[in-house]
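Okay, here's what each chain looks like letter by letter:
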Amino acid sequence: MRTFEWDSPAKLFFWPMGEGWDEEAVYPTLRAALLAAEEGELSAAWIITRNGDIISPRLVAELREEVQAPERQRREAARSVFGWARAA
């Protein structure tokens, strides 16, 4: 399994380019680039990492799910804790 430097800069671009999309954008972290990929057509989102890894649209979609899962879990845990507190 390949590992990525999640906190290193990454370049997001869309290919083929659609109307209104920037040619490329550099994000401070790979996580930020993955989350920003939804701003365009996810099936055209490519990411190049600082190490030169090229992440295909299919892998971008998979990694986005991986990045979003902990955030969803935190939100759900916060809701359940606050919901329990209100019921008490």
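Engineer: Just checking my understanding: could you explain the overall build of the protein for this structure?
Structural biologist: In terms of regular secondary structure, the protein is built from 2 helices and 4 strands. N-terminal to C-terminal, the α/β element order of the protein is β-β-α-β-β-α. Taken across its 88 residues, the protein has 30% of its residues classed as buried. Taking all contacts inside the protein whose residues are at least 6 apart in sequence as the whole, residues at least 24 apart take part in 46%.

Engineer: Please clarify how the pattern of salt bridges should be interpreted in this entry.
Structural biologist: Pairing between side chains of opposite charge can happen when the charged atoms of each approach one another. According to the stated counting rule, one finds 5 salt bridges in the structure shown. Here D7 ties to R31 by a salt bridge, and the two come within 2.8 Å at their closest N and O atoms. You can see D7 sitting in the segment before β1 (10-14) and its partner R31 sitting in helix α1 (residues 30-36), a full 24 residues away along the chain. For E24, the salt bridge is made with K11, and the minimal N-O distance between the two is 3.3 Å. You can see E24 sitting in the loop between β1 and β2 (25-27) and its partner K11 sitting in strand β1, a full 13 residues away along the chain. What makes K11 partly exposed here is its relative accessible area of 28%.

Engineer: Can you help me understand the nonpolar core in this one?
Structural biologist: Generally speaking, a soluble globular protein has its nonpolar side chains buried in company with each other. If you look at the biggest cluster of nonpolar residues, it comprises 17 residues, and the most contacted ones within it are W6, L12, L30, L34, I47, I55 and V60. If you list the elements that add at least two residues to this core, you get β1, α1, β3 (45-49) and α2 (57-87). By residue number, the principal contributor to this core is α1, which donates 4 residues. What L34 contacts, discounting residues up to four positions off in sequence, is W6, I47, V60, L63, R64 and V67.

Engineer: In this structure, what is going on with unusual backbone geometry? I would like to understand it.
Structural biologist: What is expected of a backbone is that most residues other than glycine have negative phi and most peptide bonds are trans. Cis peptide bonds are those with omega within 30 degrees of zero, and the linkage from W15 to P16 qualifies with -5 degrees. Tracing the backbone through its elements, the reader meets P16 in the loop between β1 and β2.

Quick notes on the rules
- Residues numbered from 1 in each chain as written.
- Predicted model: local features only at pLDDT ≥ 70, side-chain atom pairs only at ≥ 80, totals over all residues.
- Heavy atoms only, no water.
- Helix = DSSP H or I, 4+ residues; strand = E, 2+ residues; numbered from the N terminus.
- Buried < 20%, exposed > 50% of the residue type's maximum accessible area, 1.4 Å probe, protein only.
- Contact = heavy atoms within 4.5 Å.
- Salt bridge = Lys/Arg side-chain N within 4 Å of Asp/Glu carboxyl O.
- Core = buried A, V, L, I, M, F, W, Y, C linked by side-chain atoms within 4.5 Å.

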